[in-house]
Amino acid sequence: MGRPPAAVVFVTGSKITENAKKSLASLKRENPRLEPTLAIIQAHNDPMTQEMNKSFAREIGLRVIHICLPEGSSKDEIVNEILRLNEDPNVQGLALDLPENLYSSKVLNAVKPEKDVDGVSDVNLGLLVRGDTYDCLVPPTVCAVMELLEDLGGKMVLLVGVGGAVGAALQCVLQQEGAATLTCRWKAPQLQSQLQHADVVVLGSTKPDDVPVSWIKPGTTIISFSRDLLSEKHNYGQQNNHAAENAVGSLAIAMRMQNMVKNTERWIQSQHYRKWDLCCLKLQPLTPVPSDIEISRAQSPKAVDVLAKEIGLLTDEIEIYGQTKAKVRLSLLERLKDQPDGKYVLVAGITPTPLGEGKSTVTIGLVQALTAHLNINSFACLRQPSQGPTFGVKGGAAGGGYAQVIPMEEFNLHLTGDIHAITAANNLLAAAIDARILHENTQSDKALYSRLVPVVNGVRVFSAIQLARLRRLGINKTDPGTLTEEEISKFVRLDIDPSTITWQRVVDTNDRFLRKITVGQANTEKGFVRQAQFDIAVASEIMAILALTTSLQDMKERLGKMVVANDKKGEPVTAEDLGVTGALTVLMKDAIKPTLMQTLEGTPVFVHAGPFANIAHGNSSVLADKIALKLVGEKGFVVTEAGFGADIGMEKFFNIKCRTSGLVPSVVVLVATVRALKMHGGGPNVTAGAPLKKEYTEENLQLVADGCCNLQKQIQITQLFGVPVVVALNVFKTDSPAEVDLVCEIAKQSGAFDAVPCNHWSAGGRGAVKLAQAVEKAANQKNTFKYLYSLELPIVEKIRIIAQKVYGAQDIELSPTAQSQVDQYTRQGFGNLPICMAKTHLSLSHQPERKGVPTGFILPISNVRASIGAGFIYPLVGTMSTMPGLPTRPCFYDIDLDPVTEQVEGLF
């Protein structure tokens, strides 16, 4: 050999280390916050290897953590540790230093392939065998052996005692370099013959004494290694060189660190935006169209982890619930913060009939058309339906026909438990209010203080939330023993005025008998009795906060700001004052993550939040929209829906949701039906559950033309905000071609960018292709988006602008109660919040029976309330029920479970 073996190895190892160091430094320059971490699981006492790993890592700039398990640890214990590290987002690489007997397939394949820096999982080995060297990592020991061998072409290499993953990888790499390979066990009868014919011998374990050196022909190159990565290289007849032995071991560790740098580079690439590789599901629409549940059941949805991978989500960004639902973590927003947003589309509607005009169906049909038929990335973002109406009068809310979210029973029932989390948080706060009043009424300041700030293990300390309350009170003390009697009294007494409590308990069931209740009737409540009520869960302010929050920290702050009552001096009392903010946040920590589902054609959907559309803003969550806008890419589309007609849901979307999110809409899709237009043109009343009159099932062009005034008004409302509008005419089988053509013509004459008839209900995405094309073109139009009013205006003036410009009112009239509340909110510092009008959705006016475009009316404001945490004032036009009741024949009569198949029946 040209130089001593140790020198060869030292030079090679140094070069590898230097190259790895330069590569990592370059990656860190491009990614300043990068701290690549290699976790090494060790289950035997080997301080030398451990120290070598740390030394090389320090030199290169890697962070290494050793998990030292006790000797004798079982395979299951090793696997449990591997699985924990697999899910740790701060660990980019995982290696194993174990006794030989623990290197089983179960252990090796527990390591995630993307973290497998030793390249020993079946996935990595499969890529290596297939020749995909770019996509795989070669085991460090194999790399070290190959670095020491030269000119292998045509040579015979014998592997003795080399087995498992490393043996398979070594044999593969040797053959790729042109060598012929044989493998043999030490006790094989053909060993002597094979040793005498080999040009190179690689030993994977110590040579037994009964195998004489004379069996190896002179001049044979011998490389010996063991699982602890220590090796030696020598020619037959040379004296063993222990320096070389240790140096070769260090070479293999240097190779491990080089693999870790390669893995870090891949990890960085994986964090970048990924092009979608979506496999859409095929639809075969039937005529006549079956029921929604039959259509849903006929389609086999993709596994949600497959869908997540197709749209560029990382495995550590999803939390899977069953087979078809997954929560998406907010960390994605940080990963894709530099990714440009896609186009933002809002689906709104004209003033509807009580039957609804199909906004959800249009939303789903549009994204199915964009993605499954035009190959444009798109995401639908929908509200989660309340279970109350599902079992009451409305039934499901997953779209309909061949434009649905599937599985519809999952969508319409518990989903991932968000509404239950809201119920728990809401009712914890309600319980805290009544309990605090009771304790303040029955205890002295001293007794309250000793219980609120108890002595634990001889020490009395304030909690973090109590310190925050002290600061708000202007008491800058941290030692509980230093407060004066006056300061203690200020601290312990909220002095809630029970008559001002606005926070109600909630339940997600239609229950009319909870609309007015009495609480505190048990003797244990010592005579503290008051009238209260239950609202339906989705009416909770916490639901509105979930829909408007932009981060976990933002949600916590909003929850703390919720005003639940006034004190006896007229000052607001908040959840933060009650000390419950942190607990509410804990209950909501999973609900803040949007739920991923899919349409009938396998395109992605986010289902998240479902606030009321009257006393709240009626839109799905800001977070779902933001995540979706990153995922679709710059040329993609996110389609979301606003509750009720454009005069209510769209106005709130622009003035409340867009202010919170900072997002700018690209297009409004305005949904209309011939049925609703005929109603606005003077047609007879439309009643849910009753057959339609003949005016709605027979051609009547005059009724349609007269009713288009409402469509024209809604187009004008959209134009107030400077956003292009495309009219989507949701076509029914009773609509005549002449009626459809008339509506489209009038819409375009009235300022719509385009007007398109849609048949997605009966044909799926194919029936909305023309709508999708129109939306794509409209999104490229000049956009002059603007808000309707300035937040600096007085509350009354903001209400007046909405009433006159959107509803067409002549003016507004506030009741004395409403005026008093406006004055109070202004005095308390809440005057700069946006307005969320609570008004009937069945008319542009406050009178449901007035259809078309009413004019000349005075809009009466009976009451004004505030959702301070959510961030809006909501005036009530008339009375608003926040607890629906059950009809004579609720939907639950038809809902059942097949005990054999476990399939839900009766959800439409």
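Nothing here was measured: the structure is a model prediction, and the numbers come from that model.

Conventions we followed
- Residues numbered from 1 in each chain as written.
- Predicted model: local features only at pLDDT ≥ 70, side-chain atom pairs only at ≥ 80, totals over all residues.
- Heavy atoms only, no water.
- Pairing = 2+ DSSP bridges.
- Helix = DSSP H or I, 4+ residues; strand = E, 2+ residues; numbered from the N terminus.
- Axes fitted to C-alpha atoms, helices over the stretch in contact; angles between N-to-C directions.
- Contact = heavy atoms within 4.5 Å.
- Expected span 1.5 Å × (residues − 1).
- Buried < 20%, exposed > 50% of the residue type's maximum accessible area, 1.4 Å probe, protein only.
- Arc of directions from axis to C-beta.
- Salt bridge = Lys/Arg side-chain N within 4 Å of Asp/Glu carboxyl O.
- UniProt positions renumbered as here; feature names shortened; annotations may be inferred.
- Polar contact = N/O pair within 3.5 Å; in protein donor to acceptor, adjacent residues only side chain to side chain.

Some details on the sheet that holds strand 2 (residues 63–68)
- Read across the sheet, 3 strands follow the order 2-1-3 without closing on themselves; strand pairing throughout is parallel. If you trace the sheet from one side to the other, it starts and ends with strand 2 and strand 3 (93–97), each paired once. The mean angle between the axes of side-by-side strands here comes to 20°, regardless of whether they run parallel or antiparallel.
- As paired elements, strand 1 (residues 37–42) and strand 2 share 6 bridges and run parallel to each other. Directly across from Leu38, in strand 2, lies its bridge partner Val64.
- Lying over the sheet, helix 2 (residues 47–60) contacts strand 1, strand 2 and strand 3, oriented at roughly 160° with respect to strand 2.

Some points on helix 2
- End to end, helix 2 covers 20 Å across 14 residues, agreeing with the expected 20 Å (1.5 Å per residue, within 8%).
- Among the residues of helix 2, Thr49, Gln50, Met52, Asn53, Phe56, Ala57 and Ile60 are the ones counted as buried. Within helix 2, the buried residues cover an arc of 160° as seen down the axis, which keeps them to one side. Structural note: helix 2 exposes Pro47 and Arg58 on the side pointing more than 90 degrees away from its buried face.
- Downstream of helix 2 by a residue or two, Gly61 has a phi angle that is positive, lying close to 110°.

Details of the pattern of salt bridges
- All chains considered together, the criterion is met by 38 salt bridges.
- Taking the shortest distance from any N to any O, the salt bridge between Arg505 and Asp434 comes out at 2.9 Å. Linking Arg505 in strand 17 (residues 505–507) with Asp434 in helix 16 (residues 418–442), this pair joins segments that are 71 residues apart in sequence. In this pair, the class of Arg505 matches that of Asp434, namely buried.
- Across the pair Lys657 and Asp625 runs a salt bridge whose closest N-O atoms are separated by 2.7 Å. Of the two residues, Lys657 sits in helix 24 (residues 646–661) while Asp625 sits in helix 23 (residues 622–632), which places them 32 residues apart along the sequence. With respect to burial, Lys657 and Asp625 carry one shared label: buried.

Quick notes on the UniProt feature "domain: Tetrahydrofolate dehydrogenase/cyclohydrolase catalytic" (unreviewed entry) in the protein chain
- In the numbering adopted here, UniProt assigns the feature "domain: Tetrahydrofolate dehydrogenase/cyclohydrolase catalytic" (unreviewed entry) to residues 14–118.
- Each end of residues 14–118 is marked by a C-alpha atom, and these two atoms are 20 Å apart; helix forms 45% of the span and strand 16%.

Here's the deal with the side chain of Gln299
- With respect to the helices and strands, the residue Gln299 is situated in the loop between helix 10 (292–298) and helix 11 (304–310).
- Of the residues examined, Gln299 reaches a relative accessible area of 14% and is grouped as buried.
- In terms of polar contacts, Gln299 uses its side chain to reach the backbone carbonyl oxygen of Lys282, at 3.1 Å.
- For Gln299, the side chain forms a polar contact with the main-chain oxygen of Leu600, separated by 2.8 Å.
- Other than its neighbours up to four places away in sequence, Gln299 contacts Leu281, Lys282, Leu283, Ile406 and Leu600.

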